[in-house]
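# Observations on chain architecture
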Amino acid sequence: MKSPYTFKYIAPHQSANGEKQPAIFLFHGLGSNEEDLLQLVEEFTGQCHIFSLRGPITHSPGFAFYTFEEEGKPIRDVFDKMITFTQSFILEAIEQYQLDIQKIYLIGFNQGAAVAETLTLTLGNLISGTVALSGFLPEFVMNEYKKAPFDRTKIFISHGEYDYVYPIQWGTDSKNYFEELGGNVTFKTYEDGHGVTPENLRDLISFISEDLVDENKVN
């Protein structure tokens, strides 16, 4: 990979018939790293290419994908460049690893959810499914970014009812925005703060498994 991103890659088991295989791209939250979200996709290890990206900006005790003036307000030029680099990473990975372009998935938490939601708009139907956990769409993305058609993309947005880091209204706003554009959105809330409950994880796995179960027999 020519991308400057640091990332962790987990290869799938080799397909018996040599067919291209699905891929999941993971985007962690503020102050975390590329190891953090791997636990969410253990169910798919061996069945998908898994790419877990490390945010390019140091933010103790880990990393960040963008800088911000205050929560929910990314610094525009930093965010724009990061999205451009991330799009390039995904496109390069598709070519280099011979990914199944009918089954490309994004999963993000916190800052990573903002990244995943934005990529859904910019890459459109290249993305089969997006999971945004406790995230949001920046206002400038909603108002100014050019959107690609995403009528074949499904979107799962979840939020904790007691989230005081990213208010639940931010999740609701994202859900409403995607729906207004005709998006296929599943929106769920959980009795939680800023995190991922076991029920949330089960719903996440079910959401992605719907497209994989026939060929890969996810249990």
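Residues numbered from 1 in each chain as written. Predicted model: local features only at pLDDT ≥ 70, side-chain atom pairs only at ≥ 80, totals over all residues. Heavy atoms only, no water.

- Per an unreviewed UniProt entry, the protein chain goes by Esterase and derives from Ureibacillus yapensis.

### Points about the environment of Phe68
- Inspection of the secondary structure assignment puts Phe68 in strand β6 (residues 68-70).
- Along the chain, Phe68 and Leu40 lie 28 residues apart, while their C-alpha atoms are 26 Å from each other.
- Those residues in contact with Phe68 that lie beyond four places of it in its chain are Leu30, Lys73, Pro74, Ile75 and Gln111. (Helix = DSSP H or I, 4+ residues; strand = E, 2+ residues; numbered from the N terminus. Contact = heavy atoms within 4.5 Å.)

### Some details on the sheet that holds strand β9 (residues 129-133)
- Taken together, the 7 strands give an open sheet; going across it, the order is β1-β3-β2-β8-β9-β10-β11, and neighbouring strands pair in mixed fashion. Looking along the sheet, the strands with just one partner apiece sit at the ends: β1 (7-10) and β11 (184-190). Put simply, the sheet's adjacent strands are angled 15 degrees from each other on average, direction ignored.
- In the packing of helix α1 (residues 76-96) onto the sheet, the strands contacted are β1, β2 (21-27), β3 (49-53) and β8 (99-109), and the crossing angle to β8 comes to about 145 degrees.
- Packing against the sheet, helix α2 (residues 111-123) makes contact with β2, β8, β9 and β10 (154-160), and its axis sits at approximately 145 degrees to β8. (Pairing = 2+ DSSP bridges. Axes fitted to C-alpha atoms, helices over the stretch in contact; angles between N-to-C directions.)

### Focus: the pairing of β8
- Most of β8 is tucked away: 9 of the 11 residues are buried.
- Taken together, the 6 bridges between β2 and β8 define a ladder with parallel strand orientation. Each residue of the ladder has a partner; that of Leu26, found in β8, is Ile107.
- Taking the sense of rotation as the criterion, the β-α-β connection linking β8, α2 and β9 turns out right-handed. (Buried < 20%, exposed > 50% of the residue type's maximum accessible area, 1.4 Å probe, protein only. Right-handed = clockwise from strand over helix to strand, strands pointing away.)

### Regarding the side chain of Ser134
- Within the fold, Ser134 resides in the loop between β9 and α3 (139-144).
- Given a relative accessible area of 1%, Ser134 falls into the buried group.
- Filtering out sequence-adjacent residues up to four positions away, Ser134 remains in contact with Phe109, Asn110, Ala113, Ser158, His159, Gly160, Asp163, Tyr166, His194 and Gly195.

### Re unusual backbone geometry
- That bond from Ser60 to Pro61 is cis: its omega, 5 degrees, falls within 30 degrees of zero.
- By the secondary structure assignment, Pro61 is in the loop between β4 (57-59) and β5 (62-64).
- Backbone geometry places Asn110, a non-glycine residue, at a positive phi of 60 degrees.
- In this structure, Asn110 sits in the loop between β8 and α2.
- Judged by relative accessible area, Asn110 falls into the buried class, the value being 6%.
- Here Ser134, not a glycine, exhibits a phi torsion of approximately 55 degrees, which is positive.

### Things to note about the nonpolar core
- Of all hydrophobic cores here, the largest spans 39 residues; its most connected members are Phe25 and Phe27.
- Aside from chain neighbours lying at most four places away, what touches Phe25 is Phe51, Leu53, Phe89, Ile90, Ala93, Leu99, Ile104, Tyr105, Leu106 and Ile107.
- Counting residues in hydrophobic clusters, the runner-up holds 21 residues, among them Ile50, Val131, Phe156 and Leu204. (Core = buried A, V, L, I, M, F, W, Y, C linked by side-chain atoms within 4.5 Å.)

### Quick look at the packing of α2 against helix α4 (residues 168-180)
- As a packed pair, α2 and α4 sit with axes 12 Å apart at the nearest point and diverge in direction by 10 degrees. With respect to α4, the element α2 is oriented roughly parallel. Seen from α2, the contacting residues are Glu117, Thr120 and Leu121; seen from α4, they are Ser174, Tyr177 and Phe178.
- Counted by class, the contact of α2 with α4 contains 3 nonpolar, 2 polar and 1 charged residues. (Parallel < 35°, antiparallel > 145°, perpendicular 65-115°, else oblique. Nonpolar A, V, L, I, M, F, W, Y, C, P; charged D, E, K, R; others polar.)

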